[in-house]
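Chain by chain, the residues run as shown.
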There are 2 protein chains.
Amino acid sequence: MPSETQTPLRAGIIELAVGEPDPALLPRDLIRAAAGRALADPGDALLSYGSREGPARLREAVARRAATTEGLRQGAGDLLVSAGNSQALELTLATLTTPGDVVLVEDPTYHLALGIVRDHPVEVVAVPLGDEGIEPDALEAVLAGLRKAGRRARLLYTIPTFDNPTGVSLAGPRRRRLLELATAHDVVVVEDDVYRELAYDGAAPPSLRATDTSAPVVRLGSFSKSLAPGLRLGWIDARADLRERLAGAGVLESGGCVAQFAAGVVGRVLESGDYDAHVALLRRTYTARRDALVRALREHLPAGCRFAVPAGGYFVWVTLPDDLSASELLPRAEALGVSFAPGARFSRHGADDGLRLSFTLYGEAALAEGARRLAAAIGAAAAHAG
Amino acid sequence: MPSETQTPLRAGIIELAVGEPDPALLPRDLIRAAAGRALADPGDALLSYGSREGPARLREAVARRAATTEGLRQGAGDLLVSAGNSQALELTLATLTTPGDVVLVEDPTYHLALGIVRDHPVEVVAVPLGDEGIEPDALEAVLAGLRKAGRRARLLYTIPTFDNPTGVSLAGPRRRRLLELATAHDVVVVEDDVYRELAYDGAAPPSLRATDTSAPVVRLGSFSKSLAPGLRLGWIDARADLRERLAGAGVLESGGCVAQFAAGVVGRVLESGDYDAHVALLRRTYTARRDALVRALREHLPAGCRFAVPAGGYFVWVTLPDDLSASELLPRAEALGVSFAPGARFSRHGADDGLRLSFTLYGEAALAEGARRLAAAIGAAAAHAG
């Protein structure tokens, strides 16, 4: 039974709605040891005002890792430390948009990112997401329509790798096409890359940022999934002109890097080599959990349901038979002891024919039991509707 | 010789421009012990997603302290944890202003706060600061002028206690008048209260927030001065309706409290009782440093210079003889081995007849020597001008 999640867990319900890590997998000892080393070193500035960019130790370690895993030739100077992807997205919107701008989002998309976008005086336009990620033809049509109306999109927020909520990754050819469209229309692509380390079937696809370093991309990387969300720590890897605009924000000049303390600690974790071992543990554990959930869904889901096996990340997306609404299904499922996140939560248009299941919080047996309960709820709802 | 400051220190120059704490006074051991306790406790959620409001343990400790020191009857539910005052100011501006709003600032004021305000599509209007803090008559005139023009001010940013840059505190009667004006004109007072713990001549004046809890006040408290700036940790104490608007920001829903990790650590520091002892050490040390600087200024400054002795905080503000410009004086002073922050840096109007000296970074002997060098530079400049 997981404990100390952000979302309170209800007794008797397997909460597959909750997209949080298993608290038992949080690397308390690694972080405790790293904090001890950093604080014992009088030359470590983690308690002082820092630079806008954040501690060089951490940025160097992240750049080294990107060189190894993605072939990116970067140094510390190419990166900014962020206080996690939410703060980074907030900073990006605050810095790169002006009132009245159009911001494009995928539909469905990460619902809490929508909340951040909505805090800004911009117009949100949705672009459909398909089985292979964002639909380039639809994107091109939206961009052309805006241009015809004398407007243009300023930003596109996308999660191209192991998407939240759908688990899909943008196919390789679509990555190229997306970057060509963004370059042609001068749209900044905000690439939320938070799930990259959690790849279960070989390496993650190359990031948009690594695919074309001359394209207008702001990539948001994070330690929330690979270490611990409470660290509220990530980094921003953007084309130089965009990175400089972000680094110029007044909030970073005033206090320095918002995550100075956590960055000082995590810089030590990355240097130690413990990070690689921890990520390997997460991959093994979550691969087994994904497989357990997928097996049980295959076995139990009634006809008419569809899902794709995600190659990484936190989520499986199940599409329901045509006549079922996920939001209406939810109370029935909870009565049978399982929860999920209904599709309407992630859609600008209220599209509600899908649901999101998280496989990181529970062990394999609970996931399989959750899938059985879900299947029973769908079966009962379909019988009732039929 | 201080080390590991944010601003690089130049050899041979006593850098009284630098408003940073003495690194030797950063409580590394306290924080290391607290981090160890928090991370060893599997029930502590400092590594998990947290609530929007931040860890209750820290908020309870802050509320208890406000009860003791200010007689405020508060609980954890009255406070939000912030990632330091810069982030809190950014959040306040993003949440409580709309494009085109008027934001009032003092003149002079904390220059880096001006940078944060300028990132928002608001109009900045300055209100003069006098020897007893913001001038209420001038404030009333500005408010009346705006009203006459069919506009109104949305926010006033003020540092009423141990001001940066001037060191002055708003006099008691002016506090009441300011709150009456803010209430009458429905202007939110953003009270930057970062220096409260550093009181050298008895207790700090009651905060605006404590003076009238029904007034529209958002108080920003911080551990940057009382523990360590690199923690990037503070809290927001605002009237309930304002607090709820701030807590509703999308960035807090998405990731939870931005400073979850540091808040988990500092909650343990406050519970331990070590915090009181550390604040007492800071007060003793900085009182002696202030006194050393003030003694040397009294002894050496040439006629025509004025300064007031600050009752707390980081800074002494020196007003120059009429014909001298602080910015023009600066290279001469640096040639003599002392720096300061010239007045123009803090003024919307470029007012340059004053300069800011920080007395927290250096020991007493260096401060006295810095004052001698400054006096020599002023004397030489006055002779040159005369």
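Residues numbered from 1 in each chain as written. Chains lettered and ligands numbered in written order. Predicted model: local features only at pLDDT ≥ 70, side-chain atom pairs only at ≥ 80, totals over all residues. Heavy atoms only, no water.

A. View of the relation of the copies chain B and chain A. The transformation that overlays chain B on chain A combines an axial shift of 0.0 Å with a rotation of 180°, and the residual RMSD is 0.0 Å. Given the turn and translation reported, the copies of this chain are related as if by a two-fold rotation axis. A symmetric contact is evident, with 100% of the interface residues of chain B recurring at the interface of chain A. (Least-squares fit on C-alpha atoms with pLDDT ≥ 70 in both. Contact = heavy atoms within 4.5 Å.)

B. Main features of the pairing of strand β3 (residues 102-107) of chain A. All names here are of chain A. Extensive coverage of β3 is indicated by the burial of six of its six residues. Neither face of β3 is exposed, since Val102, Leu104 and Glu106 on one face and Val103, Val105 and Asp107 on the opposite face are all buried. Both β3 and strand β4 (residues 123-130) contribute to a ladder of six bridges, which runs parallel. Residue pairing across strands places Val103 opposite Val124, the latter belonging to β4. In this fold, β3 hands off to helix α4 (residues 111-118), which returns the chain to β4; that crossover is right-handed. (Buried < 20%, exposed > 50% of the residue type's maximum accessible area, 1.4 Å probe, protein only. Helix = DSSP H or I, 4+ residues; strand = E, 2+ residues; numbered from the N terminus. Pairing = 2+ DSSP bridges. Right-handed = clockwise from strand over helix to strand, strands pointing away.)

C. The interface of chain B and chain A, seen in detail. Contact with chain B, which involves 55 residues of that partner, is made by 55 residues of chain A. For the pair chain B and chain A, the summed buried surface comes to about 4500 Å²; carbon and sulfur atoms form 60% of the total. By the criterion of area lost to chain A, the three top residues of chain B are Arg28, Leu47 and Tyr49 of chain B, representing 19% of everything that side buries. There are zero salt bridges connecting chain B and chain A. Linking chain B to chain A there are 23 residue pairs in polar contact (both at pLDDT 80 or more). Those elements that provide at least two residues to the side of chain B that touches chain A are α1 (28-40), α3 (85-96), α4 (111-118), α9 (250-255) and α10 (260-272) of chain B. In terms of residue count, α1 of chain B provides more of the side of chain B that touches chain A than any other element does, seven residues in total. (Buried area = accessible area lost by both parts, 1.4 Å probe. Salt bridge = Lys/Arg side-chain N within 4 Å of Asp/Glu carboxyl O. Polar contact = N/O pair within 3.5 Å; in protein donor to acceptor, adjacent residues only side chain to side chain.)

D. A look at the environment of His185 of chain A. Residues and elements named next belong to chain A. Among the secondary structure elements, His185 is positioned in helix α6 (residues 172-185). Take His185: its relative accessible area is 13%, and that puts it in the buried class. Among all residues touching His185, those that are not within four sequence positions of it are Leu143, Ala144, Arg147 and Arg152.

E. Structural view of the nonpolar core. Phe223, Leu233 and Phe261 of chain A together with Phe223, Leu233 and Phe261 of chain B are the most contacted members of the largest nonpolar core, which has 131 residues in total. Setting aside residues no more than four positions away along its own chain, Leu233 of chain A makes contact with Leu58, Val81, Ser82, Ala83, Gly84, Ser222, Phe223, Ser224, Ala259, Ala262, Ala263 and Val266 of chain A. (Core = buried A, V, L, I, M, F, W, Y, C linked by side-chain atoms within 4.5 Å.)

F. Quick look at the pattern of salt bridges. Counted by the stated rule, this structure contains 59 salt bridges over all chains. Of the charged contacts, one joins Arg289 of chain A and Asp22 of chain A as a salt bridge, the two residues approaching to 3.0 Å between their closest N and O atoms. Of the two residues, Arg289 of chain A is situated in helix α11 (residues 274-300) and Asp22 of chain A in the loop between β1 (14-15) and α1 (28-40); the sequence distance between them amounts to 267 residues. Taken individually, Arg289 of chain A and Asp22 of chain A each receive the classification buried, so the pair is uniform in this respect. Its salt-bridge partner being Arg373 of chain B, residue Glu369 of chain B comes within 2.9 Å of it at the nearest N-O pair. Highlighted residues: Glu369 of chain B and Arg373 of chain B, both in helix α13 (residues 364-385), separated by four residues, approximately one helical turn. Assessed through its relative accessible area of 23%, Arg373 of chain B is described here as partly exposed. A single salt-bridge network, built from bridges that share partners, covers Glu70, Asp193, Arg196, Arg209, Arg219 and Asp237 of chain A.

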